[in-house]
Amino acid sequence: MIIRKLKKIGEVLRSYNFSRGLLISSAAFVPVMVAYLTDTISYGSSFALGVLITALSDIPGTGKYANRGILAALILGIFNYLIIQFTRDTLFVVPVLGILVFSTAMISVYGFRASLIAFAGLGALSVAFAGAATSTPPLLAAALIFSGGAWYFLLSLIFRNLGNRKYIREQFSKCFLYTADYLEQRKTLLEKGFDGELYNELLEKQNDIFDLHEVLRNQIINKRLRSGKDTLASRRLLLLIEFIDLMELSVANTLRIEQNQKIHPDLAILKEELTQTIGVFSKTMRNLSSLEIDSLSAREIAGALSAPRDRIVSLSKVTLNEKDRNDLLSLSNLLDYLEKLSQVIANMERIIKGTFNPDIKKLNKIEPQQFLNERSYGFQELWSQLSFDSPIFRHALRLSITIMVAYLLCNYFSVPQFYWVFITIIVILRPGYALTKQRSRQRTVGTLIGLFAAGVVLMTKPPVAVIAVLTYLSFALAFTFTQENYKISSAYITLSIVFLYTLLIPEPFKVVELRLIDSLIGIAMAVTASYLLFPIWEKDHIDNLIKSSIRANLDYLNEVHRIYRENTGTDTRYKLARKKAFIEISRLHSGFQRMTQEPENRQTKLTELFEIVAINQTTLSSAASLGTYFQMSKGVAAPVLMDVGMNALNEALACASAFTDYESIPLSAETEIKEAREYLRNYKAKMSNTTEFPGEKPLAYQKDLRLLTNQLDWLLSQSSRLLKTINTYKK
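Calculation notes
Counting restarts for each chain, with residues numbered from 1 along the sequence as it is written. For a predicted model such as this one, the threshold for reporting local features is a pLDDT of at least 70, and the threshold for listing and counting side-chain atom pairs is 80 or more; totals across whole chains, interfaces and linings nevertheless cover every residue. In computing side-chain properties, one takes all heavy atoms of the structure into account and sets aside hydrogens as well as water. Every helix listed is a DSSP run of H or I at least four residues long, and every strand listed is a run of E at least two residues long, numbered separately from the N terminus. With a 1.4 Å probe rolled over the protein chains alone, any residue whose accessible area is under 20% of its type maximum counts as buried; one over 50% counts as exposed, and the rest are partly exposed. Contact definition: two residues touch when any of their heavy atoms are within 4.5 Å. Each accessible area is a Shrake-Rupley estimate made with a 1.4 Å probe; only the visible protein chains count as cover when residues are assessed. Among the buried residues, those of types Ala, Val, Leu, Ile, Met, Phe, Trp, Tyr and Cys that are joined through side-chain atoms within 4.5 Å form a nonpolar core. Classification of ring pairs rests on two measures: the distance between centres of Phe, Tyr or Trp rings, Trp counted by its six-membered ring, which must be within 6.5 Å, and the angle between planes, read as stacked under 30 degrees, edge-to-face over 60 and tilted in between. Charge-over-ring placement is defined geometrically: NZ (Lys) or CZ (Arg) within 6 Å of the ring centre, and within 35 degrees of the ring normal. A pairing counts as a salt bridge when a side-chain nitrogen of Lys or Arg comes within 4 Å of a carboxyl oxygen of Asp or Glu. An expected span of 1.5 Å times one less than the residue number is assigned to each helix. For helices, the axis comes from a line fit to the C-alpha atoms of the stretch in contact; other axes are also lines fit to C-alpha atoms, and the angle between any two N-to-C directions lies between 0 and 180 degrees. In this scheme, roughly parallel covers angles under 35 degrees and roughly antiparallel covers those over 145, while 65 to 115 is roughly perpendicular and the rest are oblique.

I tried to follow the overall build of the protein chain on my own but got confused; where do I start?
The helix and strand inventory of the protein chain stands at 26 helices and 0 strands. Here the protein chain holds 731 residues, and the buried ones make up 52% of them. Pairs at least 24 residues apart make up 82% of the contacts formed inside the protein chain by residues separated by at least 6 positions. Carbon together with sulfur atoms contributes 59% to the accessible area of the protein chain, which is approximately 33700 Å² in total.

Printed below as a string of C-alpha cells:
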C-alpha cells in the first residue's frame, strides 16, 4: 500500500499538470514575494492577477490558438477590471455588473478554450471589487495586470513545446491504462455474467476512453497538419489509429453465452482460457503505458492464444449437438477477435519501437483533417445561442442574476471581502444542476480539509521561510489538480490563501473565518440558483440524446453494410460514422448519469432509460462486431442476408430515432423485423441441410454464414426490444 502511494506521488510530481502548476506558481509567487519584501504588495497583487488571468486560458494546443487565447483572456480581464473599478461607487454598478457577467459568460459558446477565457474574465471582474481596498490607481493596476500577463506569456512560449510533448505522452499513457481497465472489466463481465453495476462502470470507462481519443485526435492531427511529414507526428497518428481500431474490437459484442446456461465441460474450459487471455491483454496494455517496450509481452500474448486455438481445433473434430456447436462457434469467433486484437497490440509495440512502417501515403493531410471538429467563430454562432433553448444562454442569464443578487445582499449585510462570494459562485455554478451539486460538494469538502490542514500547520508556529515555501507548493498543487480532482484542488487553494495571508497580516485566522463564510454563502446561492433560475433538467434533453444515438448507430450500420457490399475495407466515411456512433453513445450515457444525480421529482423512468442506453450500446457493439468481422473476412457469399437484415433495421431504427413524432411506434417496423428474422431462420435451416456450399472452403463458408445470421438475428431482436422499450418509455 505504501509503495503504491509513493508511486502515485511520483507520477503526480512527474506529470504535465504539476509542471504547469510550478510554472504558474513561480510566475505569480515570485513577484508577490518581491513586492512583499519591498513593501509594495498592492503592485505585486495586480501583477500576479495578470499571471492568473493568462494562465487560466493556457491549455495544450496549437501555438496559434494558444497565443490568441492568452491574448483574449488578458484583454477581456483588463477590460472587465477597469469597467468595475470605474463604476463600483456609482448607481450603475449593478446593471453594469449584470451586463458584464452575461456577455462574458456567453463567450463559452465558442468551445472549451473560450469557456476558460470567459472564466478568466469573470475572475478579473470579481477581483476588481477587492481592488477597492488598495490604493493602486485603476490605470496603474491595469498596466501591472498587463505586465503580469506578458510575463506569463513569455514563460509559456519558452516551455510550450516541451509541455505539449509531455502532455501528449501522458494522454497516450493514460489511454493505455484506461484501455487496460476496460479490458479487465470486459473480462469480469464474461466471468460473472451481466451485472447492472459492472455494466455501468464499463460504460463510464468507455466514455473516458472516447474523451481521451478526442483529446488526442485534436492534438495530434493539428500538429501533423502543421508539421507535414514529421516522423514523430506520423508515429503518434499511427498509434492513435491503432487505439481507435483496438477500441472497436474491444467494444465488439462477440460472446453471448448466458452465465446460467449449462455448457459443455470442454467448452467451459475453452471459455475460461479465452477469458484469461483477455486478462493477459489487459496486463500488456498496462505494461505499455510506460511507453517503454516490455519485450516479453508479445510472446506472452502468443502463448495465451495458443492453448484456446489448439482446443478449438480438437473440439471441431468432436461430434456436438446443435447448442454446443453454436457455443463453439461463438467461442471460435471470440478467438478470431482476440487474434486480431493481438495484431493491433503488436502494431502498437512496433510503433513505439519505431519499427512499424506502413504506407505513409495513407497519412495524408486531407483525411485526418476530416476528423477534427471545426468550429465557427463568427457572430452567427453567438446569435444562434441567444434563446432559452440554449443551455449556455440560460447559464449566462442565471449567473448574471445570481451575481447581481449576491452583490446587493453582501452590500446590504456589509459582508467583508465579498468578492470571494463572487468567485465561489462563478466556480460552482455550472449549466446543469447535477454538475453544480457535485461541484458544490467538492468545494465544501475541499475547503474544510484545507482549513483544517492549515490550522494544524500554523499551530506549530513555523518560521516565515517555511510558510513561504508551503504557500508556493500549495499554489502549484492547486493548479496541478484543477482538472483532475477539484476537491483536492480546493483544499490546496485554501491552504495557499491561508498561508499567504499569514505572511501579509497579523491575524490570518480572521481571514480564514471570512473565507469559510463567503464560500458557504457562494455555494448556497449557486445551488439555489441552479435549482430555481431557468434550470436545465436532463429529462428535457434526454430524448434528443436518445434519437442522436440511434441515428448514429444506424449510420454506422449502413456504413458496415456498404463496406461489405463494395468489399473495399474501411475508409474515411466508415471511420467518421464509427466516431460519431462512439461519441453519441457516450453523450447518451453521460446524460443518463447526470439525471440520476438530479432530484427525484425531476427524474423520469430511469429503468426504461437505462434499458434504452443498454440496447443502444448493444447495437453499437454488434455494429462493431460486423464491421470488424468484414475486415477480417472477405464476406459471405450471401449478400441477400445483409440486404434483408439491413432493410428491416433501417425501418425499425428510423422509426425509433423519430419516436417523438409518434404517439406509438408504427406496427410496420415490428412486422418487418419479424419477417426478416423468419427469412434468416429459414435460410439458415436450408443451408444447414445441404452438403453443397459455394467456394473452395465449405466449412469456412458455413462458419461465416452462421456468424452472419446469428449477428443479424441478434441485431433485429435488439431493435424489436428497443421499439417496445421506447413505447413503454413514451407512456
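Back to the write-up after that little detour.
Can you walk me through the nonpolar core in this structure?
Generally speaking, a soluble globular protein has its nonpolar side chains buried in company with each other. Within the largest apolar cluster, 111 residues are counted, with the highest numbers of intra-cluster contacts made by F176, M285 and I546. Per-element tally for this core: the top contributor is helix 12 (residues 322-353), with 13 residues. In contact with F176, other than residues within four places in its own chain, are L239, F243, M285, L288, S289, L291, M348 and I352. V109, Y407, C410 and I423 belong to the second largest nonpolar core, which has 55 residues in total.

Sorry, what's going on with the packing of aromatic side chains here?
Geometry of an aromatic ring pair is reported as the spacing of the ring centres plus the angle between the planes. Scanning all chains against the criterion turns up 25 aromatic pairs. Note on F129 and F422: the rings are 5.3 Å apart at their centroids and 85 degrees apart in plane angle, and the pair reads as edge-to-face. Pair noted here: F129 is in the loop between helix 6 (112-127) and helix 7 (138-192) and F422 is in helix 16 (residues 419-428), with a separation of 293 residues, a long-range link. Judged on exposure class, the residue F129 and its partner F422 are both buried. A cation sits over an aromatic face here: K205 above Y178, 4.3 Å from the ring centre.

How do you make sense of the pattern of salt bridges when you look at a structure like this?
Side-chain pairs of opposite charge can arise where the charged atoms are in close proximity. Tallying each qualifying case throughout the model produces 20 salt bridges. For the salt bridge of R88 with D89, the shortest nitrogen-to-oxygen distance reads 3.8 Å. One continuous salt-bridge network, built from bridges that share partners, spans E559, R562, E566 and R573.

Explain unusual backbone geometry here, please?
Backbone phi values are negative for most residues with the exception of glycine, while trans is the configuration of most peptide bonds. The phi dihedral of D39 is positive, around 60 degrees, even though this residue is not glycine. Turning to its location among the elements, D39 is positioned in the loop between helix 2 (16-37) and helix 3 (41-56).

Got a minute to help me understand helix 6 in this structure?
Every α-helix winds through 3.6 residues per turn, so residues three or four apart in the chain are directed the same way. For helix 6, which comprises 16 residues, the first-to-last C-alpha distance of 23 Å matches the rise-based estimate of 22 Å (1.5 Å per residue) to within 8%. Of all the positions in helix 6, only R113, A114, L116, I117, A118, A120, G121, L122, A124, L125 and S126 are classed as buried.

What am I meant to see in the packing of helix 16 against helix 17 (residues 433-459) here?
How two helices sit against one another is set out by the angle between their axes and by the gap between those axes. Close contact between helix 16 and helix 17 brings their axes to 9 Å; oriented N to C, the two are set at 130 degrees. Considering the angle they form, helix 16 stands oblique to helix 17. Residues W420, T424, V427 and I428 of helix 16 form the contact with helix 17, whose participating residues are T436, R439, S440 and R443.

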